[in-house]
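# Remarks on the overall topology
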Amino acid sequence: MLTLNLADFSLEHFLAHYWQQKPVVIRQGFEHFVDLISPDELAGLACEAEVESRLVYKKDGQWQAEVGPFASYQHLGERDWTLIVQAVDHWSPAVAQLVAPFSFIPKWRFDDVMISYATPGGGVGPHIDLYDVFICQGSGRRRWRVGDLGNHRQFAAHAALLHTDPFEAIIDVELLPGDILYIPPGFPHDGVSLEHSMSFSAGFRSKSGRDMLSGLADYVIDKELGNALISDPGRPLHQNQGQIDASDFARIRAQLQDILDDDKLVADFAGSFLSRSKCQLDLQTLDEPLDDSALLANLRQQALIRTGGLRCFYLDQTVAQGICHVAGERFDFGPDCHGAVLALCDHESLDHALLQRWLQQPEFVHALTQWVNDGYWYFEE
Ligand code: SIN
Ligand code: CO
């Protein structure tokens, strides 16, 4: 099990002073850290069509980026290139171990574990991310420079590569295996590999208001909600035909506000929307599906493990009714399953002792069976 080691400050101090505020180097955040996947395995994953990957290198001084899957890496030579693979926690249980040490931030904020392998001189160039990231150095050394927030110009160094102008460093460090660099959104940064090296980046996501509203609009349409029309009985005489006056504007705003004020609607939407995974999951459906009693018999013998990257959440507004959201879908198990929903969403692994109190609830057991048959959870073996 990976344990985060904060020698210089507590997690509370990190959250109060660094999270979303300023970058920091955490020396030996993971003591005795060894690569959670080998460069060869990573290169193999990037040959799979389901896995998102990129190669970044320079050719004749020009930045180049290629999107996977890749058939070979032989044309790349010994230096100045990097391979980046997204959401490796979805494909490798060993890499998924990097998620738990960051559980002091709720899982709905978590995005994925991105891994880069870089040859000497390799890197993706100076850029700005919209995400918080903990870059954990695996094997080899990498030099990282981080600049301050500011009005940094961004430009396409290549169609698939958004760069920023050179910046003055507020952090300029060599990361060694086990060191962690935390970078909040908006801080320009640039990592250059000093030798063959691996970086494991635990990335967090946040949504813009635009993303949330667009998702909410899709949800409202899909569920046929928000049908109330603007109504205006008792309207006073109107003078100017072209005018939408202040009281009409208030009606329009109130109509939209009524949707946003519906806590249940917004909670159901947010749970479903935020529990969707951005990248594909490695769902191994069972060749011989289980029925509910076989599921219960197996659970007495082995624990269930949540498939890497599967997102399941509950909200304070609705959890007392046994409502949870798994991979974009809403499940309503009723108030008797309140505790089952907490266990399901708060634990990566589910065993008989943890779930025992709810194994008499047929709807919950049936959903669990279906999830196992679909590969959302799998037996540990
Ligand atoms: C990398 O690991 O090479 C890139 C990580 C980043 O800067 O976001
Ligand atoms: Co970055």
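Given the structure is predicted, the values throughout are model-derived calculations rather than measurements.

## Section: the coordination of the cobalt ion (ligand 2)
Protein-derived coordination of the cobalt ion (ligand 2) comes from H127 (NE2), D129 (OD) and H189 (NE2), at a distance range of 2.0 to 2.1 Å. Positions of the donor residues of the cobalt ion (ligand 2) along the chain correspond to the pattern H-x1-D-x59-H. With H127 in the loop between β5 (110-118) and β6 (133-137) and H189 in strand β12 (residues 189-193), this residue pair connects regions lying 62 residues apart in the sequence. Grouping residues by exposure puts H127 and H189 together as buried.

## Comments concerning the packing of aromatic side chains
For the coordinates displayed, the defined rule picks out 28 aromatic pairs. When the ring of F9 is compared with that of F14, the centres are 6.4 Å apart and the planes differ by 25°; the resulting orientation is stacked. In terms of burial, F9 and F14 fall into one category: buried. Relative to F200, the ring of F33 lies with its centre 5.5 Å away and its plane at 75°, an arrangement referred to as edge-to-face.

## Section: the domain arrangement of the protein
Taken domain by domain, the protein holds domain 1 (11-204), domain 2 (209-231 + 244-261) and domain 3 (292-379). A C-alpha centroid distance of 34 Å is found between domain 2 and domain 3.

## So, the sheet that holds β12
Pairing is antiparallel in the open sheet, where three strands are placed in the order β10-β7-β12. Each having just a single partner strand, β10 (169-175) and β12 make up the two edges of the open sheet. Each strand axis lies, on average, 10° off the axis of its neighbour in the sheet, ignoring direction. Judged from the five bridges that link them, strand β7 (residues 142-147) and β12 form a sheet pairing that is antiparallel. Bridge pairing links R145 to D190 in β12.

## Observations regarding the pattern of salt bridges
Summed over all chains, the structure comprises 16 salt bridges. Put simply, D80 and R79 hold a salt bridge, and the shortest N to O gap is 3.3 Å. Owing to a relative accessible area of 33%, D80 belongs among the partly exposed residues under this scheme. Across the pair D132 and R109 runs a salt bridge whose closest N-O atoms are separated by 3.6 Å. Of this pair, D132 sits in the loop between β5 and β6 while R109 sits in the loop between α3 (93-96) and β5, and the two are 23 residues apart along the sequence. As far as burial versus exposure is concerned, D132 and R109 are alike and both buried. Three or more residues joined by partner-sharing salt bridges are found here, namely D232, R235, D248 and R251.

## Focus: the sheet that holds β6
Backbone-to-backbone hydrogen bonds pair the strands of a sheet. The strands run either parallel or antiparallel. One open sheet accounts for eight strands, arranged β1-β11-β6-β13-β5-β4-β2-β3; its pairing is antiparallel. With one partner strand each, in any of the chains shown, β1 (24-26) and β3 (62-67) form the two edges of the open sheet. The average angle at which neighbouring strand axes cross in this sheet is 20°, direction not considered. As judged from the six bridges shared by strand β2 (residues 53-59) and β3, these two strands associate in the antiparallel manner. Note that in β3 the partner of R54 across the bridge is V67.

## What about a negative patch on the surface?
A cluster of like negative charges, contributed by D258, D261, D262 and D263, occupies part of the molecular surface. In this structure, D261 sits in the loop between α5 (246-260) and α6 (263-274). Relative accessible area serves as the criterion here: at 51%, D261 is assigned to the exposed category.

## Re the site of ligand 1
With respect to spatial proximity, the complete set of residues near ligand 1 consists of M114, S116, H127, D129, R142, W144, H189 and S199. Take S116: an N or O atom from its side chain is 2.8 Å from an oxygen atom of ligand 1. A distance of 3.2 Å separates an oxygen atom of ligand 1 from a polar atom in the side chain of H189. In isolation ligand 1 has 260 Å² of accessible area, and contact with the protein removes 93% of it.

## Some details on a nonpolar patch on the surface
Taken together, the side chains of I230, I244, F249, I252 and L256 make up a nonpolar region of the molecular surface, amounting to roughly 490 Å² of accessible area. Counting through the fold element by element, F249 comes out in helix α5.

## Section: the packing of helix α4 (residues 209-222) against α6
Closest axis-to-axis distance for the α4/α6 pair is 10 Å, and the angle between their directions is 110°. Between α4 and α6, the interaxial angle falls into the category roughly perpendicular. In contact with D211, M212, G215, L216, Y219 and V220 of α4, α6 contributes L265, D268, F269 and F273. Residue composition of the contact of α4 with α6, by class: seven nonpolar, one polar and two charged.

What counts as what
Residues numbered from 1 in each chain as written. Chains lettered and ligands numbered in written order. Predicted model: local features only at pLDDT ≥ 70, side-chain atom pairs only at ≥ 80, totals over all residues. Heavy atoms only, no water. Donors = N, O, S within 2.8 Å, 3.2 Å for Na, K, Ca; no water. Helix = DSSP H or I, 4+ residues; strand = E, 2+ residues; numbered from the N terminus. Buried < 20%, exposed > 50% of the residue type's maximum accessible area, 1.4 Å probe, protein only. Phe/Tyr/Trp six-rings, centres within 6.5 Å; stacked < 30°, edge-to-face > 60°. Domains from an automatic or database assignment. Pairing = 2+ DSSP bridges. Axes fitted to C-alpha atoms, helices over the stretch in contact; angles between N-to-C directions. Salt bridge = Lys/Arg side-chain N within 4 Å of Asp/Glu carboxyl O. Patch = residues over 30% accessible without salt bridge, like charges linked within 9 Å, V, L, I, M, F, W, Y side chains within 5 Å. Areas by Shrake-Rupley, 256 points an atom, 1.4 Å probe, with all protein chains shown as cover. Lys, Arg positive; Asp, Glu negative; His and termini not counted. Charge placed at Lys NZ, Arg CZ, Asp CG, Glu CD. Near = heavy atom within 4 Å. Polar contact = N/O pair within 3.5 Å; in protein donor to acceptor, adjacent residues only side chain to side chain. Parallel < 35°, antiparallel > 145°, perpendicular 65-115°, else oblique. Contact = heavy atoms within 4.5 Å. Nonpolar A, V, L, I, M, F, W, Y, C, P; charged D, E, K, R; others polar.

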